[in-house]
Amino acid sequence: MGTQQIRLGQIKANLEGFMDFEQQLIAMFGDDNTERYLATENQQNFTLRKSYVVGKNSIKVFVNGILQNPEATDGYRS
Amino acid sequence: MDIEVNPKMIAFTEPLYEGDSVVIVRNCTNSFVLSMGQSRAKAYNIYRETYFITEQNQYSFIYPTPFRYQPGLNQLKLYANGILLACGASFDYLEIGEEEFKLVHPLPIGTTLTVEVISGGLGIYQCIRYPIFIDSAKSTQRIFSLVDPYKIGSNTLKVYLDGVLLRAGSSEDYIESTEYGFTMNYDLPIGSILEAEITTFTIDIFNIRRVATEITQLNKTNMIFTTIVPYTMGESNLRIYANGILLREGINEDYIEVDTNHFKMNGTEIAIGTIIEYEIITW
């Protein structure tokens, strides 16, 4: 998903909606299984507190409440 | 783009904006994400309700809030007697606002008007529609190009002729010839409307199942059909067409949802040669 699509998605998912959604995720999975970051301008890389298994679909990544696609040309790389 | 990959880093293919919220969740399944999204009516929901036209020259319609849609995103679909209407000033209706649409030409009294709203508040669902007016030049054109691609063989492309759902296949109505187009197997009537519709999801865990069955014998006792995958009852995620016309669900309508793997046609029998086609979106 490109940045423009992310922005469009952000507009479509209203602020209150995705915040609720994030809070639900964090509440359901707990601090051990969730990490939340606020991006700085143009940030692309995020260093995680805990490691994960690369390429095994072992994590889900949401930007502004939107699930991202873990493919090299679409969303993010893991 | 050269991005370092390691077990403690993720890298987005494009830069984010300041303040974008990034959440990483471990031990979270796709189905859980979707069920969670559905529970808050945000991930992907279908609302379908049928109304009867009871007034002459009724153009404008305002309907209850559960059917709110976002104009311009093809979340709203209208069917008159099961025939898909095309959106646009030179076609059948206009999207006025989140709860309102307007018909370009009024429908006769007694017509059923089915309103379908597909909402994807998380941006998961996307639909693109291409209504094409068939003039004399296009009537023999056969090959039609699309601006956006679709995945061949995935049921993400639907083609309608005058609102009737066509079927893909060399011995059917059209062929999915390229990811940017399709080829009709016959010439089209001048003055008809050909419409292509592409449905995509921004995450790749959805599958669109569409199965057609030709009725080859009259069978008054067995009108129950078994679906190849389960569907969720009462969520309008099962669509049934007879010869390309969308049917209505209900005891006094065309069919009922029996359980998660069956639907039952109402009435006494189905005519030989009828094509019963159903569609289910799974994840």
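These numbers were taken from a predicted model, which means no experiment stands behind them.

The rules behind these values
For every chain, the first residue of its written sequence is number 1, and the numbers climb from 1 along that sequence. For this description, chains carry letters from A and ligands carry numbers from 1, given in the order in which they are written. In keeping with the model being predicted, local features are shown solely for residues with a pLDDT of at least 70 and side-chain atom pairs are shown and tallied solely at 80 or more, while totals for entire chains, interfaces and linings include all residues. Each side-chain value is worked out from all heavy atoms of the structure, with water and hydrogens disregarded. Helix and strand definitions here come from DSSP, where helices need a minimum of 4 consecutive H or I residues and strands a minimum of 2 consecutive E residues; each element is numbered from the N-terminal end. For every residue, the accessible area (1.4 Å probe, protein chains only) is compared with the maximum for its type, and the residue is labelled buried under 20%, exposed over 50%, or partly exposed between those bounds. We call two residues in contact when some of their heavy atoms are within 4.5 Å. Every accessible area reported is derived by Shrake-Rupley at a probe size of 1.4 Å, with residue values counting cover from the shown protein chains alone. The quantity known as pLDDT measures the predictor's confidence residue by residue, on a range of 0 to 100. Stacked, tilted and edge-to-face pairs are distinguished by plane angle, under 30 degrees for stacked and over 60 for edge-to-face with tilted covering the rest, among Phe, Tyr and Trp rings (Trp via its six-membered ring) whose centres lie within 6.5 Å. For this analysis, a nonpolar core means a set of buried residues of the types Ala, Val, Leu, Ile, Met, Phe, Trp, Tyr and Cys, connected via side-chain atoms within 4.5 Å. Think of a salt bridge as a Lys or Arg side-chain nitrogen and an Asp or Glu carboxyl oxygen that are within 4 Å of each other. A cavity here means a set of points on a 1 Å grid, drawn over the protein atoms and nothing else, where a 1.4 Å probe fits but cannot get out; a pocket is an open set with protein on both sides within 12 Å along at least five of seven lines, and a residue lines either one if it has an atom within 4 Å of a point. Grid points are joined across faces, edges and corners, and a volume is the space filled by probe spheres set on the points. Residue polarity is assigned by list, with Asp, Glu, Lys and Arg as charged and Ala, Val, Leu, Ile, Met, Phe, Trp, Tyr, Cys and Pro as nonpolar; anything else, Gly included, falls into the polar class. Pairing between two strands requires that DSSP report at least two bridges joining them.

1. A look at the overall build of chain B
A tally of regular secondary structure across chain B gives one helix and 23 strands. Within chain B, the fraction of its 283 residues that count as buried is 50%. Considering only contacts within chain B whose residues lie at least 6 apart along the sequence, 74% involve residues at least 24 apart. Here chain B displays about 12800 Å² of accessible surface, and carbon together with sulfur accounts for 51% of that area.

2. Let's talk about the confidence of the model for chain B
Residue and element names in this part refer to chain B. When pLDDT is averaged along chain B, the result is 85, and 87% of the positions lie at 70 or above. Confidence drops under a pLDDT of 50 for residues 35–43, and excluding neighbours within four residues, the segment shows 28 contacts in the predicted structure. Our summary of model confidence lists the complex with pTM equal to 0.68 and ipTM equal to 0.77.

3. Examining the packing of aromatic side chains
A complete count under the given rule lists eight aromatic pairs over all chains for this structure. Measuring from ring centre to ring centre gives 6.0 Å for Tyr37(A) and Phe46(A), while their planes differ by 50 degrees; the resulting arrangement is tilted. Given a relative accessible area of 2%, Phe46(A) falls into the buried group. Summarising the aromatic geometry, the rings of Phe225(B) and Phe263(B) are spaced 5.2 Å apart at their centres and angled 5 degrees between planes, so their arrangement reads as stacked. Of this pair, Phe225(B) sits in strand S18 (residues 224–226) while Phe263(B) sits in strand S22 (residues 262–265); the two residues are 38 residues apart in sequence, bridging distant segments of the chain. Note on accessibility: Phe225(B) and Phe263(B) belong to one class, buried.

4. Focus on the nonpolar core
Residues and elements named next belong to chain B. By size, the foremost hydrophobic cluster in this structure holds 17 residues, and its most contacted members are Phe144, Leu146, Leu157, Phe182, Met184 and Leu194. Of all the secondary structure elements, the ones that give two or more residues to this core are strand S10 (125–133), strand S12 (157–161), strand S15 (181–184) and strand S16 (193–201). In contact with Phe144, not counting residues within four places along its chain, are Ile132, Ile134, Lys138, Tyr180, Gly181, Phe182, Met184, Leu188 and Leu194.

5. With respect to the pattern of salt bridges
Residues and elements named next belong to chain B. Applying the stated criterion across every chain yields a total of 12 salt bridges over all chains. Between Arg48 and Glu116 there is a salt bridge, with the nearest N and O atoms lying 2.6 Å from each other. In this pair, Arg48 is assigned in strand S3 (residues 45–52) and Glu116 in strand S9 (residues 112–119), connecting sequence segments 68 residues apart. By relative accessible area, which is 0% here, Glu116 ends up buried. Salt-bridge contacts for Glu172 lead to Arg167; the nearest nitrogen and oxygen are separated by 3.4 Å.

6. A short note on empty space enclosed by the protein
All names here are of chain B. Inspection of every chain in the model, using the stated rule, returns two cavities of 30 Å³ or more. Approximately 80 Å³ is the volume attributed to the largest cavity. Considering the residues around the largest cavity, the lining is formed by 14 residues, among which Lys158, Thr199, Ile208, Glu279 and Ile281 are closest to the centre. Those elements that provide at least two residues to the lining of the largest cavity are S16, strand S17 (207–214) and strand S23 (275–282). For the lining of the largest cavity, the per-class residue count stands at five nonpolar, three polar and six charged.

7. Considerations on the pairing of S12(B)
Looking along a regular strand, one sees the side chains alternate between the two faces of the sheet. Residue and element names in this part refer to chain B. Burial analysis of S12 places five of its five residues in the buried class, which makes it a mostly covered element. What you see with S12 is no split at all: Leu157, Val159 and Leu161 on one side and Lys158 and Tyr160 on the other are buried throughout. Both S12 and strand S13 (residues 164–165) contribute to a ladder of two bridges, which runs antiparallel. What sits directly across from Tyr160, in S13, is Leu165. With antiparallel pairing between neighbouring strands as the criterion, S12 and S13 make up a hairpin whose turn holds two residues, including Asp162 at a positive phi of roughly 50 degrees.

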